[in-house]
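# Chain and residue survey
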Amino acid sequence: MVGNGILAFAVIFVVVLFIYVSMRMNRDKQAEKHYTETYTIHLSKGFTGDSVSLFVNDSLMLNKQIIQEPVDVEFKRFSEQSALMIVDNRTDKMSTFDLSEKGGVYSFVKETDGVKLTGK
């Protein structure tokens, strides 16, 4: 009788252990998602002399004064959804744009009323 109780406890313990390990491996696999798509941000006209910061989600991609145009910034996709923020550091004006899940080339110009997306 005691042997059957120990055996039953051992079986339950092994089942719980396997469930825990499989759930942990599944969570780790989701956390390490890698993307192959790339984005190219092309600042083509109107940015010369401005101090500009480019953010994707909450990551700083570029923070410098634009001396010569055009400026290209290329990076890999690192999140499921991405938003680009272009910040004029002098005036703190911010322009936001959604980035495609497929990657791509985005071209921007700065006009008197703000930053505009000219081509994708």
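In what follows, the accompanying structure is described. Counting of residues starts from 1 at the beginning of each chain's written sequence and follows it residue by residue. Side-chain atom pairs in this predicted model are given and counted only at pLDDT of 80 or more, local residue features only at pLDDT of at least 70, and totals for whole chains, interfaces and linings cover all residues. Side-chain numbers here rest on the full set of heavy atoms in the structure, without hydrogens or water.

### Side note on the overall build of the protein
- Helix and strand definitions follow DSSP, with helices as H or I runs of at least four residues and strands as E runs of at least two, each counted in order from the N terminus. Of the regular secondary structure elements, the protein holds 1 helix and 8 strands.
- Counting from the amino terminus, the protein carries its helices and strands in the arrangement α-β-β-β-β-β-β-β-β.
- Over its C-alpha trace the protein gives a radius of gyration of 25 Å, far above what one expects of a compact globule, namely 14 Å for 120 residues.
- Oriented by its inertia axes, the alpha-carbon framework of the protein measures out at about 85 × 25 × 20 Å.
- A burial count over the protein gives 28% of its 120 residues as buried.
- A fraction of 54% describes how many contacts in the protein between residues 6 or more apart in sequence connect residues 24 or more apart.
- Taken as a whole, the protein presents about 8,700 Å² of accessible surface, with 58% of it coming from carbon and sulfur.
- A gap of 3 Å separates the mean positions of the 14 positive and 15 negative side-chain charges of the protein. Radius of gyration means the value over C-alpha atoms here, while the globule rule gives 2.2 Å times the residue count to the 0.38 power. Summary of the burial criterion: residues with accessible area below 20% of their type's maximum are buried, those above 50% are exposed, and those between are partly exposed, where the area comes from a 1.4 Å probe applied to protein chains only. Whether two residues are in contact is decided by their heavy atoms, any of which lying within 4.5 Å being enough. Here, Shrake-Rupley sampling with a 1.4 Å probe gives the accessible areas, and only protein chains in the shown set may cover a residue. Neither His nor the chain ends is counted toward charge; the positive residues are Lys and Arg and the negative residues Asp and Glu. Taken as the charge centre is NZ of Lys, CZ of Arg, CG of Asp or CD of Glu, depending on the residue.

### Description of the sheet that holds strand 1 (residues 38–45)
- The pairing criterion for strands is at least two bridges between them, as found by DSSP. The strand order across the open sheet built from 4 strands is 4-1-7-8, with neighbouring strands paired in mixed fashion. Because the sheet does not close on itself, it has two edges, and the strands there are strand 4 (71–76) and strand 8 (114–119). Taken over all neighbouring pairs, the strand axes of this sheet differ in orientation by 25 degrees on average, direction set aside.
- When strand 1 meets strand 4, the two strands line up antiparallel, connected through 6 bridges. Following the sheet pairing, Thr-38 is matched in strand 4 by Lys-76. Axis definition: a line fitted to C-alpha atoms, over the contacting stretch in the case of helices. Angles run 0 to 180 degrees between N-to-C directions.

### Examining a nonpolar patch on the surface
- Patches here are clusters of residues that have more than 30% relative accessible area and form no salt bridge, with a 9 Å joining cutoff for like charges and a 5 Å cutoff for nonpolar side chains (Val, Leu, Ile, Met, Phe, Trp, Tyr). Salt bridges are identified by distance alone: a Lys or Arg side-chain nitrogen within 4 Å of an Asp or Glu carboxyl oxygen. Residues Phe-9, Phe-13, Val-14, Leu-17, Phe-18, Tyr-20, Val-21 and Met-25 make up a contiguous nonpolar surface patch of about 870 Å² in total accessible area.
- Its location among the elements puts Val-14 in helix 1 (residues 2–31).

### A few points about the nonpolar core
- Counting 19 residues, the largest nonpolar core has Ile-41, Leu-43, Phe-47, Leu-54, Leu-84, Ile-86 and Phe-108 as the members making the most contacts within it.
- Residue assignment for this core shows that the elements contributing at least two residues are strand 1, strand 2 (51–56), strand 4, strand 5 (82–88), strand 6 (93–99) and strand 7 (104–111). To define a nonpolar core, start from buried Ala, Val, Leu, Ile, Met, Phe, Trp, Tyr and Cys residues and group those joined through side-chain atoms within 4.5 Å.

### Examining the side chain of Asp-88
- As for its position among the elements, Asp-88 is in strand 5.
- Here the side chain of Asp-88 touches Arg-90 through a polar contact of 3.1 Å, landing on its backbone nitrogen.
- Sequence-distant contacts of Asp-88, that is, excluding residues within four places in its chain, are made with Ser-51, Lys-93 and Lys-110. N or O atoms within 3.5 Å of each other form a polar contact, as long as, within protein, one can give a hydrogen and the other can take it, and as long as residues adjacent in sequence are counted only when both atoms are side-chain atoms.

### What to know about the packing of aromatic side chains
- Pairing of aromatic rings covers Phe, Tyr and Trp, the last counted by its six-membered ring, and requires centre-to-centre distances within 6.5 Å; plane angles under 30 degrees mean stacked, over 60 mean edge-to-face, and any other angle means tilted. Here the structure, examined in full by the defined rule, presents 3 aromatic pairs.
- Between Tyr-39 and Tyr-106, the ring centres sit 6.3 Å apart and the planes meet at 45 degrees, which makes this aromatic pair tilted. Note that Tyr-39 is positioned in strand 1 and Tyr-106 in strand 7, a separation of 67 residues in sequence. Exposure class is identical for Tyr-39 and Tyr-106. Each is buried.

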